[in-house]
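Spelled out, the chains give:
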Amino acid sequence: MKNTQEKKPASRIRFNVVDAVLILLAILCIVGIWQRKNLQSLFDSGEALESYTVTFEISKMRSTTVNLLAKDTALYLEDNGTRVSLGTLAEQVSTSAATVYLQDGDGNTVKAVYPQDDHEYLLDVKGTLNCRGIEHDGIFLLEGKTYLAVNRTVAAHTETADFEIRITGIQKVTG
């Protein structure tokens, strides 16, 4: 009698197009996750932030406080209970006698200057800050987090003084 049983060929792993597509998708997923972490660390580390100058003014500041605003002085603000660096003063602030414009009994505008004496008086202050941030679609985010805009008033402070500043301009540093 003849052995009619056929021998089955040894099973081999077959590789086809579907397997190649699945492997390629797995590799792309891994690369995507890795790239996402790289982009996230880029924004977290501040590498995407650019340099800006922020001009500001302070109305009716005491002359003794103005003396604390020297070049390279760091200014801060509070944002949701967190201390955020507003930047450093690019130069010594400029000052002028604090003035108020009033109307007299006849409806004419009258300029009133706060009196100055030898000890203490009020000044209007203008200054420029060097800071870092991101601007996108006309919105400026200080340090990528805190919203700032022209004509916005914010409570700022140094290590020794508190005051309110009104932002008068935000410009990207070129070059």
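Small disclaimer: the values here were computed from a predicted structure and weren't measured.

Attention now goes to the overall build of the protein. Along its length, the protein carries 2 helices and 11 strands. Expressed as a percentage of its 175 residues, the buried residues of the protein come to 25%. Contacts in the protein between residues at least 24 apart in sequence constitute 63% of all its contacts with a sequence separation of at least 6. Per element, the accessible surface of the protein, about 13,000 Å² overall, is 52% carbon and sulfur.

As enumerated under the stated definition, the model contains 1 aromatic pair in all. Centre to centre, the rings of Y52 and F140 are 4.8 Å apart; their planes meet at 65°, and the pair counts as edge-to-face. Here Y52 is found in strand β1 (residues 50-62), whereas its partner F140 is found in strand β8 (residues 139-142), with 88 residues between them in sequence. Neither Y52 nor F140 differs from the other in exposure class; each is buried.

What follows deals with the environment of N130. With respect to the helices, strands and loops of the structure, N130 is situated in strand β7 (residues 122-136). C-alpha separation for the pair N130 and L89, spaced 41 residues apart in sequence, amounts to 6.3 Å.

We now examine the nonpolar core. Counting residues in each nonpolar core, the largest one holds 27 residues, and the members touching the most others are I58, L86, L142, L148, F163 and I165. Per-element tally for this core: the top contributor is β1, with 5 residues.

Quick look at the pattern of salt bridges now. Summed over all chains, the structure comprises 3 salt bridges. E50 is the partner of K172 in a salt bridge, and the nearest nitrogen-oxygen pair spans 3.0 Å. In this pair, K172 sits in strand β11 (residues 162-172) while E50 sits in strand β1, placing the two residues 122 residues apart along the sequence. Exposure remark for K172: the relative accessible area of 42% places this residue in the partly exposed category. Taking the relative accessible area as the measure of exposure, E50 reaches 33% and is therefore partly exposed. A salt bridge links R166 to E57, with the shortest nitrogen-to-oxygen separation between them at 2.6 Å. With R166 in strand β11 and E57 in strand β1, the pair connects residues that are 109 residues apart, well separated along the chain. Looking at R166, the relative accessible area reads 28%, which means it is partly exposed. Take E57: its relative accessible area is 22%, and that puts it in the partly exposed class.

Before going further, it helps to spend a moment on unusual backbone geometry. Of note in the backbone geometry, D72 takes a positive phi value of approximately 70° without being a glycine. Looking at the secondary structure, you find D72 in the loop between α2 (63-66) and β2 (74-79). Not every positive phi belongs to a glycine, and N151 is a case in point at roughly 75°. Relative to the assigned elements, N151 resides in the loop between β9 (146-148) and β10 (153-157).

Thresholds applied
Residues numbered from 1 in each chain as written. Predicted model: local features only at pLDDT ≥ 70, side-chain atom pairs only at ≥ 80, totals over all residues. Heavy atoms only, no water. Helix = DSSP H or I, 4+ residues; strand = E, 2+ residues; numbered from the N terminus. Buried < 20%, exposed > 50% of the residue type's maximum accessible area, 1.4 Å probe, protein only. Contact = heavy atoms within 4.5 Å. Areas by Shrake-Rupley, 256 points an atom, 1.4 Å probe, with all protein chains shown as cover. Phe/Tyr/Trp six-rings, centres within 6.5 Å; stacked < 30°, edge-to-face > 60°. Core = buried A, V, L, I, M, F, W, Y, C linked by side-chain atoms within 4.5 Å. Salt bridge = Lys/Arg side-chain N within 4 Å of Asp/Glu carboxyl O.

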